[in-house]
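Take a look at the letters that make up each chain.
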Amino acid sequence: MNKIKQILQIFFIVTFLAACKTSINEDNPLFNSEENTNEIKKNSEKKKMELKFSCGEDGISEYLDDGWIIVKEDSQEKICTWKSVPATKDCDMEKDKGCKITKPDKIGEEKIYFLEK
C-alpha cells in the first residue's frame, strides 16, 4: 500500500513539473537590441485620440494648435434633429399620443478624426 502511495506521489510530482514548462517566445527575445529599445520608447510616447464632431460643430483647430496631427479622417451622415408629425390628417397629437410619428428633421455630417501626438 505504501509503495502505491509513493508511486502515485511521484507520478503527480512528475505531472506537475511537466505542466510547468517555461514558454519561449522566439519572436520577441528578452534582450532587445538598441534599435528595438529606441523604437519601443518612441511608440510608447505617442498618444492617440479619436474625436467626433457632429452637425456643424468643429473644434479640431484647438487640437491641431496643441500639436496633434490628423492620422485619419472619416465622415458619415447623422441625424441632427427629430420632429414629430401626425400619422393621419385627423390625428390630434396632443390628445392621442399613439398617432404621433417621429421623423428626422435635419440630417448633417459627423466627422471622425483620429489624432496622434
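All residue numbers refer to position in the chain's written sequence, counted from 1. Side-chain atom pairs in this predicted model are given and counted only at pLDDT of 80 or more, local residue features only at pLDDT of at least 70, and totals for whole chains, interfaces and linings cover all residues. Derived side-chain values reflect all non-hydrogen atoms in the structure, with water molecules and hydrogen atoms excluded from consideration.

Once that is clear, we can look at the overall build of the protein. Scanning the protein from terminus to terminus reveals three helices and three strands. Listing each helix as α and each strand as β along the protein from the N terminus yields α-α-β-α-β-β. Should any heavy atoms of two residues lie within 4.5 Å, those residues are counted as being in contact. A sequence separation of at least 24 residues applies to 67% of the contacts in the protein between residues at least 6 apart. Carbon and sulfur atoms make up 53% of the accessible area of the protein, which totals about 10600 Å². The way it works is that DSSP assigns letters per residue, a run of H or I at least four long becomes a helix, a run of E at least two long becomes a strand, and they are numbered from the N terminus. Under the convention used here, a 1.4 Å probe and the Shrake-Rupley method define accessible areas, while residue burial counts only the protein chains that appear.

The next thing to look at is the confidence of the model for the protein. When pLDDT is averaged along the protein, the result is 78; 74% of the residues meet or exceed 70. Residue-level confidence of the predictor, termed pLDDT, takes values from 0 up to 100. When mean pLDDT is compared element by element in the protein, strand 2 (residues 69-86) scores highest at 92, while helix 2 (residues 34-45) scores lowest at 54.

Quick look at the pairing of strand 3 (residues 100-116) now. Should DSSP find at least two bridges between two strands, the strands are taken to pair. Bridge count between strand 1 (residues 48-54) and strand 3: seven bridges; the pairing is antiparallel. Paired with serine 54 across the strands is glutamate 110, a residue of strand 3.

Buried residues of nine kinds, namely Ala, Val, Leu, Ile, Met, Phe, Trp, Tyr and Cys, make up a nonpolar core once their side-chain atoms join them within 4.5 Å. Exposure categories follow from relative accessible area, calculated using a 1.4 Å probe and restricted to protein chains: below 20% of the type maximum is buried, above 50% is exposed, and the middle band is partly exposed. Residues Leu51, Phe53, Ile60, Trp68, Tyr113 and Leu115 constitute the largest nonpolar core, which totals six residues. Mapped by element, the contributors of at least two residues to this core are strand 1 and strand 3. Excluding its chain neighbours within four sequence positions, the residues that come into contact with leucine 51 are Ile60, Tyr63, Lys111, Ile112, Tyr113 and Leu115.

This brings us to a negative patch on the surface. On the surface, a cluster of negative charge is made up of Glu73, Asp74, Glu77 and Glu109. When residues of the negative patch are assigned to their parent elements, the largest contribution, three residues, is made by strand 2. Inspection of the secondary structure assignment puts glutamate 109 in strand 3. Here, patches come from residues exposed beyond 30% relative accessible area and free of salt bridges, joined within 9 Å for like charges and within 5 Å for nonpolar side chains (Val, Leu, Ile, Met, Phe, Trp, Tyr). Throughout this description, the term salt bridge denotes a Lys or Arg side-chain nitrogen within 4 Å of a carboxyl oxygen of Asp or Glu. Lys and Arg are tallied as positive, Asp and Glu as negative. Neither His nor the chain termini are counted. Positions of charges follow a simple convention, taking NZ of Lys, CZ of Arg, CG of Asp or CD of Glu.

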